[in-house]
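Chains, contacts and geometry: an overview
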Amino acid sequence: SLRSFKQQIFFISNFEIIDFIDYSIRIFAVLVHIVYIMFIIYFSELRTRSMLFLHHVNFISLIYCIHYLFYIGSKHPSFNSETINFLLCTISEFTWVLFKFLRMFSLVLLAFYRYLAVYRLSLYKRITKSVWKIIGLITITWLLSFALSLALKFSFSTTFSVWFC
């Protein structure tokens, strides 16, 4: 019937609009991060130790956004080998979880660092004085995120790859 046909057209057009918005946001997010990197390169005031935590948060967010760009136009890998497809889906799943935790812990670390700058200035200065302390704290976020991702993956036998791929 004509009404059923109109409903199908409406559903298809809504789905295409949502896809377009989704893809646009993904591409826009990567472009914003690239502009941020260009600002870092252009403005020397942004290349200080005190900005390393903020740069780390943005780097993690850029990698996360790039990961999502791989799924534009295709919801899954399309190699001829099921083994390769499964391997890529598993890597993608772990990358997705790892960078979700990295984003969260990096934002918490940045907030804590800013808190120290306002309320515990002596500790802030001690941390900012050494680039190795900053790198050490960033490394801890990576290790914690990696360990938590592995623990959740294997202790609960979770898999998002079925839904991703």
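For clarity, every value in this text was computed on a predicted model and none was experimentally measured.

1. Remarks on the overall build of the chain
Within the chain, the regular secondary structure consists of six helices and zero strands. Ordered by position in the sequence, the α and β elements of the chain form the string α-α-α-α-α-α. Classification of the 165 residues of the chain by burial places 31% in the buried group. Of the contacts made within the chain by residues no fewer than 6 positions apart, 78% connect residues no fewer than 24 positions apart.

2. Comments concerning helix 4 (residues 121–129)
Those residues of helix 4 that fall on the buried side of the exposure criterion are Y124, I127 and T128. All buried residues of helix 4 project into a common sector of 95° when viewed along the axis, lining one side. Seen from the buried face of helix 4, the exposed residues on the opposite side, beyond 90 degrees, are S122, K125, R126 and K129. Along its buried surface, helix 4 packs onto helix 3 (82–119) and helix 5 (131–155).

3. Overview of the packing of helix 4 against helix 5
Contact geometry for helix 4 and helix 5: axes closest at 4 Å, N-to-C directions at 95°. For the element pair helix 4 / helix 5, the angle class is roughly perpendicular. Across the interface between the two elements, R126, I127, T128 and K129 from helix 4 touch V131, K133, I134 and L137 from helix 5.

4. A word on the packing of aromatic side chains
Per the stated rule, a full pass over the model turns up eight aromatic pairs. Between F53 and Y113 the ring centres are 4.5 Å apart and the planes differ by 55°, which places this aromatic pair in the tilted class. Taken together, the residues F53 in helix 2 (residues 52–69) and Y113 in helix 3 connect sequence positions 60 residues apart. Taking relative accessible area as the criterion, F53 reaches 2% and is therefore assigned buried. Clustering of aromatic rings is evident, with ring pairs tying together F39, Y42 and F43.

Rules used throughout
- Residues numbered from 1 in each chain as written.
- Predicted model: local features only at pLDDT ≥ 70, side-chain atom pairs only at ≥ 80, totals over all residues.
- Heavy atoms only, no water.
- Helix = DSSP H or I, 4+ residues; strand = E, 2+ residues; numbered from the N terminus.
- Buried < 20%, exposed > 50% of the residue type's maximum accessible area, 1.4 Å probe, protein only.
- Contact = heavy atoms within 4.5 Å.
- Arc of directions from axis to C-beta.
- Axes fitted to C-alpha atoms, helices over the stretch in contact; angles between N-to-C directions.
- Parallel < 35°, antiparallel > 145°, perpendicular 65-115°, else oblique.
- Phe/Tyr/Trp six-rings, centres within 6.5 Å; stacked < 30°, edge-to-face > 60°.

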